[in-house]
Amino acid sequence: MTTQSQILIKGGKVVNEDFSEMTDVYIEDGVISAVGSDLQVAAGTRVIDATDRLVLPGGIDTHTHMELSFMGTTAVDDFHTGTKAAFAGGTTMILDFVIPQKGCSLLEAYEQWRTTADPKVCCDYSLHMAVTWWDDTVKKEMETLVRDKGVNSFKMFMAYKDVFMLRDNELYAVFAQCKEIGAIAQVHAENGDLIAEGAKRMLSLGITGPEGHEMCRPEEVEAEATQRAITIAHAANCPLYVVHVMSKSAAKVVANARRNGRVVFGEPIAAGLGTDGTNYWHKDWAHAVGFVMGPPLRPDSSTPRYLMDLLPSTDDLSVTGTDNCTFSVCQKALGKDDFTKIPNGVNGVEDRMSVIWEKGVHSGKMDENRFVAVTSTNAAKIFNLYPQKGRIAKGSDADLVIWDPEATRVISAKTHHQAVDYNIFEGMLCHGLPVVTISRGKVVYENGQLFTKPGMGRYIPRKPFSEFVYNRINQREKVGKPCAVCREPYTGEIISIAPKRS
Ligand code: URP
Ligand code: ZN
Ligand code: ZN
């Protein structure tokens, strides 16, 4: 591993979410100590020439499931391979999910996930917590997680009936608790009851392949749950973050809610922006199965472009993740004769930055500043990591990517750094590549080579009440309290109802 504790990045164009400038960046002991020209640097400082290159805040992947045990097997990319691959793609931080089984302690699940991740993880990381059941102990544990463990986001499933799914009254209770403790509620928005019915129907029709996975849960199943979650969150005055927005219909629901002033954020993922659900109909089963995830990719092939159009200036969708949860084809084959048994999940952590640059910036839909906003800064603001993460400024962590906007590569499982044996973006030509990735002041990836050590990443605790999210919520709490009308008491006649006979 390169060990210089001082690095000067010279001659590049530094890009933040709000503006770009030709300037230099000086890094000392893991943080950015100066941004400017003609900087005084210590003897022995390594100088990296960034002429004709962009210098970006490292990517933040808001949604990963490294080595998740799910649907009878365990995701092949663990915290080591997954986060090395993240570096190779220009991502310097991930937010992974702790998912306790129903009835299990959230705190124990958190400790166990830290024990799993800490010795392996290469990049900095933070944890969201899933709430898969509800009672008073869960309520108390949520508070402890926020106060003592640096968790400020909780994901609830509206799908995976009988496994992780919560009912509306439980969602309301969790959302209300999130509001109390200053956390962000996240939802996997799909109607779990309809999926269960749809799956039975497809199987009864003899549809057992990956196409059945999409057909049993069409777009409106996602859109309905998205609208329901927004309604419940509004009733609880709780900020809401909709993970993996996969369809036009669900994206429209999020966009409308935002235009109506709701505090809601939508997260499309690399898979949904870079490919589509026509793959489920591919004649080669081993190809089709690789795309199975929930909610599914959509067969309407204009969906990726539509989702991408909502990311730039309108801010209808705010941030991008990947839902990286990788199962090799032999694991997916658990569902060879029944699509409901296919482990759900796709790759993305390595390719997200390139896919979004290609489909967003190279295509002319967004500029370099918006690219930084949707791949890094907005995530840092929503999850209360800003400006430690998500910005190139004095005092911020030195998580940076030197990006060559002209370089190209073709994505392939043959050359990727992930453990999974296929890639849903196979064959995609991408302009825009990371040439150097720096994580807390250390060069961890340079010209195709990784310089990492398992366990070099840090757990980053996050405080509650992110201002970016909670300013509006708190003001609404103050001014939006319902109040009763003052009236004289009613003194007229009241009918009498005969008591019920038992
Ligand atoms: O297919 C998916 N999304 N797998 C991971 C679990 C989840 O719902 O995020
Ligand atoms: Zn999910
Ligand atoms: Zn997920």
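Thresholds, definitions, all that
Residues numbered from 1 in each chain as written. Chains lettered and ligands numbered in written order. Predicted model: local features only at pLDDT ≥ 70, side-chain atom pairs only at ≥ 80, totals over all residues. Heavy atoms only, no water. Helix = DSSP H or I, 4+ residues; strand = E, 2+ residues; numbered from the N terminus. Rg over C-alpha atoms; globule rule 2.2 N^0.38 Å. Contact = heavy atoms within 4.5 Å. Areas by Shrake-Rupley, 256 points an atom, 1.4 Å probe, with all protein chains shown as cover. Donors = N, O, S within 2.8 Å, 3.2 Å for Na, K, Ca; no water. Pairing = 2+ DSSP bridges. Axes fitted to C-alpha atoms, helices over the stretch in contact; angles between N-to-C directions. Parallel < 35°, antiparallel > 145°, perpendicular 65-115°, else oblique. Left-handed = near helix turned anticlockwise from the far one by under 90°. Near = heavy atom within 4 Å. Polar contact = N/O pair within 3.5 Å; in protein donor to acceptor, adjacent residues only side chain to side chain. Nonpolar A, V, L, I, M, F, W, Y, C, P; charged D, E, K, R; others polar. Buried < 20%, exposed > 50% of the residue type's maximum accessible area, 1.4 Å probe, protein only. Salt bridge = Lys/Arg side-chain N within 4 Å of Asp/Glu carboxyl O.

**Student:** Explain the overall build of the chain to me, please; I cannot follow it from the model alone.
**Tutor:** For the chain, the count of helices and strands is 15 helices and 20 strands. Here the C-alpha atoms of the chain give a radius of gyration of 24 Å, agreeing with the 23 Å that 2.2 N^0.38 yields for 502 residues. Within the chain, counting contacts between residues at least 6 apart in sequence, those at least 24 apart form 77% of the total. For the chain, the accessible area works out to roughly 19,900 Å², and carbon and sulfur atoms hold 51% of it.

**Student:** Looking at this structure, I do not really get the coordination of the zinc ion (ligand 2). What am I missing?
**Tutor:** For a metal with four donors in a tetrahedral arrangement, the ideal angle between donors is 109.5 degrees, while six donors in an octahedron ideally sit at 90 or 180 degrees. Only K155 (NZ), H188 (ND1) and H244 (NE2) from the protein coordinate the zinc ion (ligand 2), and they sit 2.1 to 2.3 Å from it. Sequence spacing of the donor residues for the zinc ion (ligand 2), all on one chain, is K-x32-H-x55-H. Here the zinc ion (ligand 3) and the zinc ion (ligand 2) are spaced 3.7 Å from one another. With a gap of 56 residues between them, H188 in strand 14 (residues 184-188) and H244 in the loop between strand 15 (240-242) and helix 8 (248-259) connect regions that are remote in the sequence.

**Student:** Help me understand the sheet that holds strand 12 (residues 124-130) in this model?
**Tutor:** By definition, the strands of a sheet pair up through backbone hydrogen bonds, in either a parallel or an antiparallel sense. The parallel open sheet is built from 7 strands, whose spatial order is 8-11-12-13-14-15-16. Whereas interior strands pair on both sides, the edge strands pair on one side only; in this sheet they are strand 8 (59-64) and strand 16 (264-266). Strand-to-strand twist of the sheet, defined as the mean angle between neighbouring strand axes without regard to direction, takes the value 25 degrees. Relative to strand 15, strand 14 is paired through 3 bridges, and the arrangement is parallel. Within strand 15, the residue paired with A185 across the bridge is L240. In this fold helix 2 (residues 106-117) packs onto strand 11 (91-98) and strand 12, with an angle of close to 155 degrees to the strand it touches most, strand 12.

**Student:** I keep staring at the packing of helix 4 (residues 168-181) against helix 7 (residues 219-235) and nothing clicks. Help me out?
**Tutor:** Working note: a packed helix pair is described by the angle between its axes plus the distance between those axes. Orientation of helix 4 relative to helix 7, taken along the N-to-C sense of each, is 45 degrees, at an axis distance of 9 Å. In terms of axis orientation, helix 4 runs oblique to helix 7. For the pair helix 4 and helix 7, the crossing hand works out as right-handed. Seen from helix 4, the contacting residues are D168, L171, Y172 and F175; seen from helix 7, they are R228, A229, I232, A233 and A235.

**Student:** Any chance you could explain the site of ligand 1 here in plain terms?
**Tutor:** Near ligand 1 there are 14 residues, and of these H65, K155, H188, G294 and D323 occur at the shortest range. H65 is positioned such that a nitrogen or oxygen atom in its side chain is 3.1 Å from an oxygen atom of ligand 1. In the model, an oxygen atom of ligand 1 is placed 2.8 Å from a nitrogen or oxygen of the G294 main chain. Across the complex, the protein chains shield 100% of the 260 Å² of accessible surface that ligand 1 would expose by itself. Looking at the shell around ligand 1 residue by residue, the classes come out as 5 nonpolar, 7 polar and 2 charged.

**Student:** What should I look at first to understand the coordination of the zinc ion (ligand 3) in this one?
**Tutor:** Taken together, the protein ligands of the zinc ion (ligand 3) are H63 (NE2), H65 (NE2) and D323 (OD), with distances of 2.0 to 2.2 Å. Mapping the donors of the zinc ion (ligand 3) onto the primary sequence yields the spacing H-x1-H-x257-D. By relative accessible area, D323 is classed as buried at 7%.

**Student:** I would appreciate a short explanation of the side chain of R370 in the present structure.
**Tutor:** Inspection of the secondary structure puts R370 in helix 14 (residues 368-382). Classification of R370 by relative accessible area gives buried; the value is 16%. Every residue in contact with R370, bar those within four places of it in the chain, is listed here: L311, P312, D315, L317, S318 and N378.

**Student:** Help me out: how do you make sense of the pattern of salt bridges in this one?
**Tutor:** A complete count under the given rule lists 34 salt bridges for this structure. Note that R458 is salt-bridged to D124, the shortest N-O span being 3.2 Å. Here R458, found in the loop between strand 20 (449-450) and helix 15 (467-479), pairs with D124, found in strand 12; they are 334 residues apart in sequence, far enough to count as distant. By relative accessible area, which is 34% here, R458 ends up partly exposed. Judged by relative accessible area, D124 falls into the buried class, the value being 0%. Through salt bridges with shared partners, a single ionic network connects D124, K389, D397, D399, R440 and R458.

**Student:** Before we go on, may I ask you to explain the sheet that holds strand 5 (residues 31-36) in this structure?
**Tutor:** Read across the sheet, 4 strands follow the order 5-4-1-6 without closing on themselves; strand pairing throughout is mixed. Strand pairing shows two members of the sheet lacking a second neighbour, strand 5 and strand 6 (46-49), which therefore form its edges. Averaged over neighbouring strand pairs, the angle between their axes works out to 20 degrees when direction is ignored. Relative to strand 5, strand 4 (residues 24-28) is paired through 5 bridges, and the arrangement is antiparallel. Looking at the pairing, E28 lines up with V31 of strand 5.

**Student:** Is there a simple way to explain the environment of Q6 in this structure?
**Tutor:** The topology assignment puts Q6 in strand 1 (residues 6-10). Classification of Q6 as buried rests on a relative accessible area of 19%. With sequence-adjacent residues up to four places away left out, Q6 is seen in contact with Y26, I27, E28, A42, T45 and R46.

**Student:** Sorry if this is basic, but what is going on with unusual backbone geometry here?
**Tutor:** A negative phi angle characterises most non-glycine residues, just as the trans form characterises most peptide bonds. Each neighbour pair has its own omega, and for G294 with P295 the value is -10 degrees, a cis peptide bond. Looking at the element boundaries, P295 is found in the loop between helix 10 (285-289) and helix 11 (303-309). For the bond running from Y386 to P387, omega is 0 degrees, close enough to zero to count as cis. The topology assignment puts P387 in the loop between helix 14 and strand 17 (400-410). Non-glycine residue D52 carries a positive phi angle of around 65 degrees. Here D52 lies in the loop between strand 6 and strand 7 (54-57). Accessibility expressed as a relative area gives 67% for D52, which makes it exposed. Of note, the phi angle at N447 is positive, near 45 degrees, even though the residue is not glycine. In this fold, N447 is placed in the loop between strand 19 (442-446) and strand 20.

Such coordinate-based values are descriptive only and should not be taken to indicate function.
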